[in-house]
Amino acid sequence: MKLKIAVLPGDGIGPEVVGQALNVVKTVCHKFGHELEYQYAICGAHAIDEVGDPYPEATHQLCLESDAVLYGAVGDPRFDNDPSAKIRPEQGLLAMRKKLGLFANIRPIQTFDSLVHKSPLKEELVRGADFICIRELTGGMYFGEKHEGDDMAYDTNIYTRNEIQRILKVAFEYARQRNRHLTVVDKANVLASSRLWRKVAQEMALQNPDIQTDFMFVDNASMRMIQEPRFFDVMVTENTFGDILTDEGSCITGSMGLLPSASIGTYTSVYEPIHGSWPQAAGKNVANPLATILSAAMMFEYTFGLKDEASEIRKAVDASIVGNVRTGDIQIEGERTYSTSEVGEWICEYINND
Ligand code: IPM
Ligand code: MN
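Right, let's walk through the structure included here. (Residues numbered from 1 in each chain as written. Chains lettered and ligands numbered in written order. Predicted model: local features only at pLDDT ≥ 70, side-chain atom pairs only at ≥ 80, totals over all residues. Heavy atoms only, no water.)

## Section: the overall build of the protein chain
Selection criterion: By the criteria applied, helices consist of DSSP H or I runs no shorter than four residues and strands consist of E runs no shorter than two, each listed in order from the N terminus. To sort residues, take the accessible area from a 1.4 Å probe on protein chains only and compare it with the maximum for the residue type: under 20% means buried, over 50% means exposed, and anything in between is partly exposed. It only takes one pair of heavy atoms within 4.5 Å for two residues to be counted as in contact. The Shrake-Rupley method, run with a 1.4 Å probe, gives the accessible areas here. Residue values count only the displayed protein chains as cover. Counting rule for charge: Lys and Arg are taken as positive, Asp and Glu as negative, and neither His nor the chain ends is counted. Charge placement uses NZ in Lys and CZ in Arg. For Asp and Glu, CG and CD serve respectively.
Helix and strand counts for the protein chain stand at 13 helices and 12 strands. Overall size of the protein chain, expressed as C-alpha extent along the three principal axes, is 55 × 50 × 40 Å. Counting only residues that meet the buried cut, the protein chain has 55% of its 354 residues in that class. Considering only contacts within the protein chain whose residues lie at least 6 apart along the sequence, 74% involve residues at least 24 apart. Accessible area for the protein chain stands at about 15,200 Å²; split by element, carbon and sulfur atoms hold 51% of it. Between the centroid of the 34 positive side chains of the protein chain and the centroid of its 50 negative side chains there is a distance of 5 Å.

This is the structure we're talking about:
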């Protein structure tokens, strides 16, 4: 098969983790006889520095022409600490999501048995937790009408029936492929937008009787996630709630450096780690590349339907963890920590020899 991908490393540790994931993609393509065509493009803070735009048109065109996008992370403290900055790296990410129509963000929250000791939760609670959060990504407060004055400011949490139906359809499908349990997370006791979500979801639940659908307020869901993470199979929610809940979900597993994500779109799909750009670690070769490598596995599976290739990557990642070839964030006390590139190289070698 011919794979055409755009590579957007972004800022901070982005280039390092994407570099390793790209090596893994090359290794897998070589092993399974696929032809890989890839091209780099700029985004985020360094794109602002270079061309004054965090998601330049040339980058957008490349993404549109590619089957999939491998994305690192964006963000820079220069902008975080300056509320008056007119252009921010994050705006580029949001522009990309909107322009590529990436409405469904799939974030698997998965624990690794060999890492449960790293979780802040008790081992017996977290062992075996494995669910997917499906976050609506192009609507809600992130994109609703805003006003930013000195004495008053607001964001509008707007959702249309079509947007809700579209994301719920994806959620029911995922639930069908898994354990057929869908939890719709909202704040229908307070928010009008959430009441529309619930109404539409209730209608669709009737049309999907094979799926056990339940409803949970977001405050309750945030609690349930740490009290009983195994309760969840597939969770679906709006943009803002999904942003918050997936950060919470990522720490259940022990390290943010482990969780991949896919953003499924109208034009193409974007695969990225859920962690940020961690600027303090940039260039130090210490960041955990596993989340990005696992995002590449999702790319093989979702965009190209290449399940064996995806499994090979996941197998190699598991083997690296079990073999204690780990970066500092997930290493056991007393064991030597491996660098970003050492972990990446180990995984490529494993795939080559498997
Ligand atoms: C995420 C990030 C982004 C978001 C930021 C960087 C704009 O936190 O992908 O979860 O809020 O969506
Ligand atoms: Mn976030």
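From this point, the narrative continues.
## Concerning the side chain of E136
The test is simple: Whenever a carboxyl oxygen of Asp or Glu lies within 4 Å of a side-chain nitrogen of Lys or Arg, that contact is scored as a salt bridge. Two N or O atoms count as a polar contact when they lie within 3.5 Å, although within protein this holds only if one can serve as hydrogen donor and the other as acceptor, and sequence-adjacent residues are included solely when both atoms are side-chain atoms.
Within the secondary structure, E136 sits in strand β5 (residues 130-136). No salt bridge forms around the buried E136; measuring N to O, its nearest opposite-charge neighbour R166 is 4.3 Å away. Within the structure, the side chain of E136 is placed 3.1 Å from the backbone nitrogen of T138, a separation counted as a polar contact.

## Comments concerning the site of ligand 1
This is how it is decided: Near residues are defined by distance, with any heavy atom within 4 Å of the molecule or strand qualifying the residue. Residue polarity is assigned by list, with Asp, Glu, Lys and Arg as charged and Ala, Val, Leu, Ile, Met, Phe, Trp, Tyr, Cys and Pro as nonpolar; anything else, Gly included, falls into the polar class.
Taken together, E90, L93, R97, R107, R135, Y142 and D243 make up all the residues around ligand 1. A distance of 2.8 Å is found between an oxygen atom of ligand 1 and a side-chain nitrogen or oxygen belonging to R135. For ligand 1, whose unbound accessible area comes to 320 Å², protein coverage reaches 76%. In terms of residue count, helix α5 (residues 89-99) provides more of the shell around ligand 1 than any other element does, three residues in total. Residue composition of the shell around ligand 1, grouped by class: two nonpolar, no polar and five charged.

## Examining the sheet that holds β5
Formally: Note on pairing: DSSP must find at least two bridges between two strands before they are called paired. Lines are fitted to the C-alpha atoms to define the axes, a helix being fitted only along its stretch in contact, and any angle between axes, read from their N-to-C directions, falls within 0 to 180 degrees.
If you walk across this open sheet you meet the 10 strands as β2-β1-β3-β12-β11-β4-β5-β10-β8-β9, and the pairing is mixed. The two strands at the open ends of the sheet, each matched to only one other strand, are β2 (35-40) and β9 (212-217). If you compare each strand with its neighbour and ignore which way they point, the axes differ by 25° on average. Where strand β11 (residues 260-264) meets strand β12 (residues 269-273), four bridges bridge the pair, whose relative direction is antiparallel. Its bridge partner lying in β12, S263 is registered against V270. Contacting β4 (104-110), β5, β8 (181-186) and β10 (234-237), helix α10 (residues 239-252) runs over the sheet at an angle of about 155° to β5.

## Describing the environment of F131
Locating F131 in the fold gives a position in strand β5. Expressed as a C-alpha distance, the spacing of F131 and Q110, which sit 21 residues apart in the sequence, is 6.4 Å.

## Looking at the pairing of β12
Extensive coverage of β12 is indicated by the burial of five of its five residues. Covered by surrounding structure in β12 are S269, Y271 and P273 together with V270 and E272, the residues of both alternating faces. As paired strands, strand β3 (residues 68-73) and β12 are joined by three bridges and run parallel to one another. Its bridge partner lying in β12, L70 is registered against Y271. Count of turn residues in the β11/β12 antiparallel hairpin: four residues.

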